[in-house]
Amino acid sequence: MLICEGEAGGDYYALMTEAMHRLLLERGVLAPEDVDTLVADLTAPNSGWGARVVARAWVDPGFKARLLADGRAGCAELGYPVREAQLVVLENTPALHNLVVCTLCSCYPRSLLGQPPWWYVSKAYRARAVREPRAVLAELGYVLPESVKLRVHDSNADLRYLVLPMRPAGTEGWDEAALAACIGRDALVGAAPARVP
Amino acid sequence: MTAPRFAVGARVLILDLGKHGHVRIPHYVRGQVAEVERYCGAYRNPEDLAYGRYDGPRIDLYRVRIAQAALWPGYAGDAADDLEIEVYDHWLAPAEAGGRGETPPC
């Protein structure tokens, strides 16, 4: 048996989790490898997967069209199963910038991008991204030109969202791996542009 | 399965049902007039699912679009800025003249 101790001795919740795990194994509800598989499913997704999806869309117009029509089907083409919901892909253009927030909690396409950034789940971001999104973007380091329309997406219910950022200038002819390196985690929710590293 | 009640482009009023508990329609959009952007399919009601009621009917879900200037008096961004949010059918009514958002604020 694993003994879990916090600074004050036994950690109540860790012990309860361990006890529950052992009971589920004893009763045959879980097989020993099931929890490992679940943990792997939770920890494997990362923003690099989203970056590869975007890079493919930049170089392959047919893929981009399919991705915009059905985000989950597009990601599945690259071997990334989006498990939790439909995925709506939001294309940034010179005239329109998209920003994603979940005001009610922290909805995020975790099966594709992994865990969200700390600020995405903060109450400050959740409250302010809808009310003063341009100020929030500026504080995150991205001053959106006045001429670009800003569309905020509150990811409040049953769908999930991925932003397709604009391809940076000067990347003509780059391969997908080099393009993917331009796409950081924050760009995939519209909190930053894609940038040449 | 019946056709969705609202077509893309329809103007709808987001109701304030005053429900407590696990409700997915935030206060800041209640009472607003919005435009249907897309139909998203039908989903079991999170207001039931959160309390272990898994056998309720599926409810139509829409994405609707609202002008930021209508949501936030004194909104500092561009006049064209807007917001999209998902709303379940039972939180929507056809927008009629006189609904909040139909007339500019005093």
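Undergrad: Whenever I open this one, a nonpolar patch on the surface confuses me. Can you help?
TA: Residues Tyr 12, Tyr 13 and Met 16 of chain A make up a contiguous nonpolar surface patch of about 390 Å² in total accessible area. On the secondary structure map, Met 16 of chain A appears in helix α1 (residues 12-26).

Undergrad: Before we go on, may I ask you to explain the domain arrangement of chain A in this structure?
TA: According to the domain assignment, chain A consists of domain 1 (9-43) and domain 2 (47-189). Placing the centre of domain 1 of chain A and that of domain 2 of chain A at their C-alpha centroids yields a distance of 34 Å.

Undergrad: So what exactly am I meant to see when it comes to the nonpolar core here?
TA: Generally speaking, a soluble globular protein has its nonpolar side chains buried in company with each other. One finds Leu 112 and Ile 183 of chain A together with Ile 14 and Val 64 of chain B to be the most contacted residues of the largest nonpolar core, which totals 76 residues. Top element by residues in this core is helix α3 (residues 47-59) of chain A. It accounts for 7 residues. Beyond its immediate chain neighbours, meaning those up to four positions away, Ile 183 of chain A contacts Ala 51, Val 54, Ala 55, Trp 58, Pro 165, Leu 188 and Ala 194 of chain A.

Undergrad: What is the right way to read the pattern of salt bridges from this model?
TA: Pairing is possible between side chains that carry opposite charge, provided their charged atoms lie close to one another. Summed over the entire model, instances satisfying the criterion amount to 18 salt bridges over all chains. In this structure, the salt-bridge partner of Arg 30 of chain B is Asp 16 of chain B, at a minimum N-O distance of 3.4 Å. With a gap of 14 residues between them, Arg 30 of chain B in the loop between β1 (11-14) and β2 (33-44) and Asp 16 of chain B in the loop between β1 and β2 connect regions that are remote in the sequence. Across the pair Lys 19 of chain B and Glu 47 of chain B runs a salt bridge whose closest N-O atoms are separated by 2.5 Å. Within this pair, whereas Lys 19 of chain B is found in the loop between β1 and β2, its partner Glu 47 of chain B is found in helix α1 (residues 46-49), the two being separated by 28 residues in sequence. If you follow the salt bridges from partner to partner, you end up with Lys 149 and Arg 151 of chain A together with Glu 37, Arg 38, Arg 63, Arg 65, Asp 82 and Glu 84 of chain B in one network.

Undergrad: For this particular structure, what's the right way to read the interface of chain B and chain A?
TA: A common way to express how large an interface is: the accessible area buried when the components associate. Facing 25 residues of chain B, the contacting portion of chain A comprises 25 residues. Of the roughly 2,100 Å² buried between chain B and chain A, counting both surfaces, carbon and sulfur atoms make up 43%. The largest contributions to the chain B side of the interface with chain A come from Arg 24, Trp 72 and Glu 86 of chain B, which together make up 28% of the buried area. Across the pair Glu 84 of chain B and Arg 151 of chain A runs a salt bridge whose closest N-O atoms are separated by 3.3 Å. Viewed at the interface, chain A and chain B are joined by 24 residue pairs in polar contact (both at pLDDT 80 or more).

Undergrad: Looking at this structure, I do not really get the environment of Ala 34 of chain B. What am I missing?
TA: All names here are of chain B. Assignment of secondary structure puts Ala 34 in strand β2. C-alpha of Ala 34 to C-alpha of Gly 74: the two residues are 40 residues apart in sequence and 19 Å apart in space. The residues touching Ala 34, leaving out its near neighbours within four places in the chain, are Ala 10, Arg 11, Val 12, Ile 14, Val 64, Arg 65 and Ile 66.

Undergrad: Help me out: how do you make sense of the sheet that holds β2 of chain B in this one?
TA: Remark on secondary structure: sheet strands pair via backbone hydrogen bonds, oriented parallel or antiparallel. Strand order in the open sheet formed by 7 strands is β4(A)-β5(A)-β4(B)-β3(B)-β2(B)-β1(B)-β5(B), and the pairing between neighbours is mixed. Pairing within the sheet leaves two strands with one partner each, and these edge strands are β4 (96-101) of chain A together with β5 (92-94) of chain B. Across this sheet, the average inter-strand angle for adjacent strands is 35°, counted without regard to direction. Packing against the sheet, helix α7 (residues 123-131) of chain A makes contact with β4 and β5 (149-154) of chain A together with β4 (82-88) of chain B, and its axis sits at approximately 150° to β4 of chain A.

Undergrad: When you look at the packing of aromatic side chains in this model, what are you seeing that I'm missing?
TA: Geometry of an aromatic ring pair is reported as the spacing of the ring centres plus the angle between the planes. Residue and element names in this part refer to chain A. A full pass over the atoms with the stated rule returns 9 aromatic pairs over all chains. Between the aromatic rings of Trp 49 and Tyr 80, the centroid separation amounts to 4.8 Å while the plane-to-plane angle is 15°, which identifies the pairing as stacked. In this pair, Trp 49 is assigned in helix α3 and Tyr 80 in the loop between α5 (71-77) and β3 (86-91), connecting sequence segments 31 residues apart. Of the two residues, Trp 49 and Tyr 80, neither departs from the other in class, the shared state being buried. Taken together, the aromatic side chains of Tyr 108, Trp 119, Tyr 120 and Tyr 125 make up a single cluster linked through ring pairs.

Calculation criteria
- Residues numbered from 1 in each chain as written.
- Chains lettered and ligands numbered in written order.
- Predicted model: local features only at pLDDT ≥ 70, side-chain atom pairs only at ≥ 80, totals over all residues.
- Heavy atoms only, no water.
- Patch = residues over 30% accessible without salt bridge, like charges linked within 9 Å, V, L, I, M, F, W, Y side chains within 5 Å.
- Areas by Shrake-Rupley, 256 points an atom, 1.4 Å probe, with all protein chains shown as cover.
- Salt bridge = Lys/Arg side-chain N within 4 Å of Asp/Glu carboxyl O.
- Helix = DSSP H or I, 4+ residues; strand = E, 2+ residues; numbered from the N terminus.
- Domains from an automatic or database assignment.
- Core = buried A, V, L, I, M, F, W, Y, C linked by side-chain atoms within 4.5 Å.
- Buried < 20%, exposed > 50% of the residue type's maximum accessible area, 1.4 Å probe, protein only.
- Contact = heavy atoms within 4.5 Å.
- Buried area = accessible area lost by both parts, 1.4 Å probe.
- Polar contact = N/O pair within 3.5 Å; in protein donor to acceptor, adjacent residues only side chain to side chain.
- Pairing = 2+ DSSP bridges.
- Axes fitted to C-alpha atoms, helices over the stretch in contact; angles between N-to-C directions.
- Phe/Tyr/Trp six-rings, centres within 6.5 Å; stacked < 30°, edge-to-face > 60°.

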